[in-house]
Structures are given as structure tokens and as C-alpha cells.
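Architecture and fold: a report
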Amino acid sequence: MTLIPAPVSHIAGDGSFTIAPETRVAAPSAARPVAEYLAEWLRKSTGFAVPVAVGPASRGDISCGLEPGHPPNGYRLEADPTGIRITASDTAGLFAGVQTLRQLVPIAADADSGWSVPATTITDFPRFAYRGAMLDVARHFFGVDDVKRFIDAIALLKFNVLHLHLTDDQGWRLEIDGWPRLTSHGGSTQVGGGGGGFYTQADYSDIVDFARSRFVTIVPEIDVPGHTNSALASYPELTCDGQAPGLYEGIEVGFSSLCIDSERTYEFVADVLGQVAALTPGPWIHIGGDEALATPADDYIRFIDRASGIAAATGKTVIGWHEMGRSAGLPAGTIGEYWSFTTPEGDAADLSRRFVDNGGSLIMAPGDVAYLDMKYDASSALGLEWAKGPTSLEDAYGWDPADIVPGVEEADILGIEGPLWTETVTTLAEAERMAFPRIAALAEIAWSPRRERDFAGFADRMAGLGEHLSALGIAFERTPNVPWR
Ligand code: TNX
């Protein structure tokens, strides 16, 4: 069975089910959107009509059924010569089962057996609740259609979160009412020049709605108090000397800061976070807090104390990069995003444990294995190298989130994330190629039960997934040690 992420269990049966011109998708009305999504994908693949039948399933159907008793987001998939049945307790579980089915259906009809799916019983559920990818739309801007395509691509691997890094020194990408220059001026640039771009609030809602149709939650990040040059350039009142810096198109970090002792700063933060929260149905809001090297240490703590409270007052659960653990005033339950290495450096482990001690949890995104913007090897044209050099597919697969921060255990970990920073990444095809296949390794770490990691077995399955990626038009790097077909 060539599935990524590997399921919890699968038992091969006898024979196979063949998808035929008369095959229907059957589902109760509560599962209709998932059934329509599956049918639409089957139509595109097979060219058959694939009607959706709302109501009980008949022999020969592919059915989606809701029943109690499955773990959250888990499912069972049974295929035998009489049909395929996907059952789950929630529609997110059905959707995960449908992603499994997408990998079981061949990319082309076989001359002898047609569109056949081998008989199997799969029982499956996720290890972690938060299975995230991050796209940095600030260093280079990616339009609404690109973001939707990226969401579609990660949904195949059962990711359920897309964190959007919406603001940074090089660009402000979300329209904020009452602060038009953030986007008209601050959104006009990106790394290396060539113009920027931004989402209107309607664009952002369009992304959120599309993501929801793929059972993906958008986590918006407004990075403060550093990484704010685009805002400072747009509104000099956010600086301490009242002088707007110029726009910035380089790739340095750590040179900008909001003015910590100005009330206007907190009005700005409240206004922005209030609007972002109102536009975002998901439970989380990310306020960055990383690499605030231009903010004095005491000021940083005072700022995070206050800004995290403003963020929590929107009703969302606050997420911040692990440096925010320096603040002793974080709202209870604040989530830390760990981005040090698989062997923690400096105070990263101590700061991260504070989120857990404060009733929160951690998202693990260790830079040396989970960063999708690192070069694959020294010869890669794209990517950076600061996180302990290049990151091979083997590196991306060979770690475990529960082995990193001493004293932080499985239950303290909300999930993992693969950040795709875009200093060197300019197009969606480049973004896909940096992400795939490493993001498939992260998907397996996030979803599959903790097992001994067998890279050779993973690489065989990866070769199978590569065929699906090609069929879907998703670019990927042909990394060594995978028997790509
Ligand atoms: C560090 S990791 C950053 C980003 C850069 C990235 C490049 C983190 C929280 N901040 O600002 O884009 O490295 O790899």
C-alpha cells in the first residue's frame, strides 16, 4: 500500500473494486459537500459521470457515511468487490478518508483492470490535532489562486492548518480598514523588487472559505513588534522618532520595531488584530514575536505582555514564536511555536516549556528539519542554509517532535508545522518544489502513529505519491534515494 501519511492499520482483502461508468457516490445530506468533492475529483480523473446520491448506499457505490465511535478526524475505509465505504464520526474524518482514496485510485486506467482499487480495510486517525504548513506571503506575494492551489496540494497529505505569514519588513499583505497605507504603500514591495500585492478583506475571506471546504483552518499571523518595516514605512506615527523609514526589499531580519511606549502602537495592534480576528473563523491568531532584535529586551517583554492580552481579547487563542515565552504575562493557554533546532539552542527549550507550564501547548517547527525554505543540498538554486545547512528528505523524515524539548511530552504538543519562508521563492511552482517532497515527510510525522522511521519504505511510497503529484500538476524536487518513476 503506497499511502502517505501511512495509516494506523490496513489489512489487505481479496479482489478489488472497479470504478465504472455507472459508479455513484452516496452520502447522507450532512456529508454532501464531501461527497460532491469526491465525485468532482473522480469525474476529473476517470471522465465518468459520477452522480452524487443523497441517501442510503447501494451495491456498487462509493459511500461516505457518518456514524459515532470513530476518533476525531479518523475514518475507516473498506474496499471490496461490492463497493467502497468510508465512515467517520465527523465530516473532517470523511474528508481524510477521501484523501486516502485519492491515493488508492490509480492515476490512469489499467488496460486489464480499469480503474481498480485493491480490496482493503483501513482504520486511521491522526497523531496530532494541528498539522500545519506555513506560507510566507510577505517576502514574496502569492495571489489568491496560488494560495488555493497550495491548500489543495497540502490537503492531499491530510494537513489541516495553513498559517499565513501576512506581514513582514518587505510587505503588508492584508487590507485593514482605517489604515489604507499599510497595503497601498506597505504592500507595494517584496524581496528583490518587482512589486508586491495584498489581499483585500474579501480576498482573504475567499481564501478562508476555500480552505474550509478543504477542512483547512487558516491561522493568520501579524508579526509584531519586529518584522514591521512595511508598517513603519506606511505610518510614521508607529515609530518613536516619527520618521518613516523607506520601504525594504532585502532579506535581512531584526532591524525594525514598533515604538513600545507609544499608545498609538497599541491602538494600531488592537485595530489590526480585531479586524483579523473578525475575518478569521478559526480559533487561533498568531502574533509573531520572533527576532525582535531591534527592540530592547525589557521593552520586548512589556510589549508582548500587552499585545498578547489584546490578541486574547479578540476571543482567539494566541500563538507566538517561542521567544514570546520571555513574557511572564502571556494569557493562559497561549501556544508557542518552536523554531530552534532538533537539539535546542540557547534558551529555546526553557522558553518553550513556559507555554506548557502556562496551560498552553507547542507547535513544533524545528528549523533544521521542518523548514521548507532550506536548500535540499549545497547545489540547490533556491533556499537558505542558516538552519544547520541543507535539509534533505531524509533529514525532514528522521525526527520526532516528542524528542526535542526535555520535559515536553506528546500530550504537550499540539502538532507540527512546516514553514515555507519565501525570501528566495518567487512563484507557486518554486514554492511547491521547495515543499514537495519534504512536506510529505512532515505529513507522516504529524499524522501517523509514532513508529520506527524506515526511510527506504517511505521512499518507495514517496515514489508512488510522486506519480499522483505529477498527475495533479504539483511541482516537486526529484530528491536522491527515492525510486521516482
Ligand atoms: C527566520 S524562523 C525567521 C524568518 C525568516 C527565516 C528564513 C522565524 C520565526 N523567523 O523571519 O524568513 O528565518 O529561514
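Every value quoted in this text rests on a predicted model; they were computed, and no experiment measured them. (Residues numbered from 1 in each chain as written. Predicted model: local features only at pLDDT ≥ 70, side-chain atom pairs only at ≥ 80, totals over all residues. Heavy atoms only, no water.)

**Quick look at the state of the cysteines**
- Throughout the structure, instances matching the rule amount to one disulfide.
- Between C240 and C259 runs a disulfide, and the two sulfur atoms are separated by 2.0 Å. Here the S-S torsion is close to 95°, and the disulfide linking C240 with C259 is therefore right-handed. Of this pair, C240 sits in the loop between helix 6 (229–234) and helix 7 (263–279) while C259 sits in the loop between helix 6 and helix 7, placing them 19 residues apart in sequence.
- A relative accessible area of 63% means that C240 is categorised as exposed. (Disulfide = S-S within 2.5 Å. Helix = DSSP H or I, 4+ residues; strand = E, 2+ residues; numbered from the N terminus. Buried < 20%, exposed > 50% of the residue type's maximum accessible area, 1.4 Å probe, protein only.)

**So, the nonpolar core**
- Core analysis: the biggest nonpolar cluster contains 106 residues, and L162, L164, Y199, F268 and M462 have the highest contact counts within it.
- Broken down by element, the residue count for this core peaks at eight residues, all from helix 7.
- Setting aside chain neighbours within four positions, we find Y199 in contact with V137, F141, F142, G143, V144, V147, L166, R173, L174, E175, Y204 and I207.
- Membership of the second largest hydrophobic core comes to 35 residues, among which are I19, A79, I84 and L101. (Core = buried A, V, L, I, M, F, W, Y, C linked by side-chain atoms within 4.5 Å. Contact = heavy atoms within 4.5 Å.)

**Here we look at the site of the ligand**
- Close to the ligand lie 14 residues, the nearest being R139, Y371, D373, W386 and E423.
- The side chain of W386 places a nitrogen or oxygen atom 2.7 Å from an oxygen atom of the ligand.
- Burial of the ligand by the protein chains amounts to 97% of its free accessible area of 360 Å². (Near = heavy atom within 4 Å. Polar contact = N/O pair within 3.5 Å; in protein donor to acceptor, adjacent residues only side chain to side chain. Areas by Shrake-Rupley, 256 points an atom, 1.4 Å probe, with all protein chains shown as cover.)

**Quick word on the packing of aromatic side chains**
- This structure, assessed with the given rule, holds 18 aromatic pairs.
- Pairing W179 with F268 gives two aromatic rings, centres 4.9 Å apart and planes at 75°, and the pair type is edge-to-face. In this pair, W179 sits in the loop between strand 11 (171–172) and helix 4 (181–184) while F268 sits in helix 7, placing the two residues 89 residues apart along the sequence. Each member of the pair, W179 as well as F268, is classed as buried.
- Members of the aromatic cluster, each reached through a chain of ring pairs, are W321, W339, F341, Y371, W386 and W421.
- Here the guanidinium or amino end of K158 rests over the ring plane of W447, the centre of that ring lying 5.6 Å away. (Phe/Tyr/Trp six-rings, centres within 6.5 Å; stacked < 30°, edge-to-face > 60°. Lys NZ or Arg CZ within 6 Å of the ring centre and 35° of its normal.)

**Re the pattern of salt bridges**
- Under the counting rule described, the total for this entry stands at 30 salt bridges.
- In this structure, K44 and E40 form a salt bridge, with 4.0 Å as the shortest nitrogen-oxygen distance. Highlighted residues: K44 and E40, both in helix 1 (residues 32–46), separated by four residues, approximately one helical turn.
- Between R450 and D400 there is a salt bridge, with its nearest N and O atoms 3.4 Å apart. Taken together, the residues span a long stretch of sequence, with R450 in the loop between helix 13 (438–447) and helix 14 (455–472) and D400 in the loop between helix 11 (393–397) and strand 17 (413–420) at a distance of 50 residues.
- Note on R450: relative accessible area 44%, which makes it partly exposed.
- Overall, D400 belongs to the buried group, its relative accessible area being 6%. (Salt bridge = Lys/Arg side-chain N within 4 Å of Asp/Glu carboxyl O.)

**Regarding the pairing of strand 4 (residues 62–66)**
- Of all five residues in strand 4, four are buried, a share of seventy percent or more.
- Pairing of strand 2 (residues 25–27) with strand 4 involves two bridges; the strand directions are parallel. Note on strand 4: the bridge partner recorded for V25 is I62.
- As defined by bridge partners, strand 4 adjoins strand 6 (residues 83–88) across five bridges and the pair is classed as parallel. (Pairing = 2+ DSSP bridges.)

**As for the sheet that holds strand 2**
- A sheet is described by the order of its strands in space; here seven strands give the open sequence 1-7-5-6-4-2-3, paired in mixed fashion. Unpaired on one side and paired on the other, strand 1 (9–19) and strand 3 (52–54) mark the two borders of the sheet. Each neighbouring strand pair of the sheet contributes to a mean axis angle of 20°, computed without reference to strand direction. (Axes fitted to C-alpha atoms, helices over the stretch in contact; angles between N-to-C directions.)

**Description of the sheet that holds strand 13 (residues 284–288)**
- In spatial order, the strands read 8-9-12-13-14-15-16-17; together these eight strands close into a barrel with parallel pairing. If you compare each strand with its neighbour and ignore which way they point, the axes differ by 30° on average.
- Those strands touched by helix 3 (residues 144–155) are strand 8 (130–136), strand 9 (161–165), strand 12 (217–224) and strand 17, and its axis lies near 145° from that of strand 9.

**Section: the domain arrangement of the protein chain**
- In terms of domains, the protein chain is made up of domain 1 (9–124) and domain 2 (130–454).
- One C-alpha centre belongs to domain 1, the other to domain 2, and the line joining them spans 35 Å.
- Opposite the 13 residues of domain 1 that make contact, domain 2 presents 10 residues.
- Viewed at the interface, domain 2 and domain 1 are joined by zero salt bridges.
- Counting across the interface, domain 1 meets domain 2 through three residue pairs in polar contact (both at pLDDT 80 or more).
- Contributions of two or more residues to the side of domain 1 that touches domain 2 are made by helix 1 and helix 2 (91–104).
- The dominant element in the side of domain 1 that touches domain 2, judged by the number of residues it contributes, is helix 2, at eight residues.
- A breakdown of the residues in the side of domain 1 that touches domain 2 according to their chemical character gives six nonpolar, five polar and two charged. (Domains from an automatic or database assignment. Nonpolar A, V, L, I, M, F, W, Y, C, P; charged D, E, K, R; others polar.)

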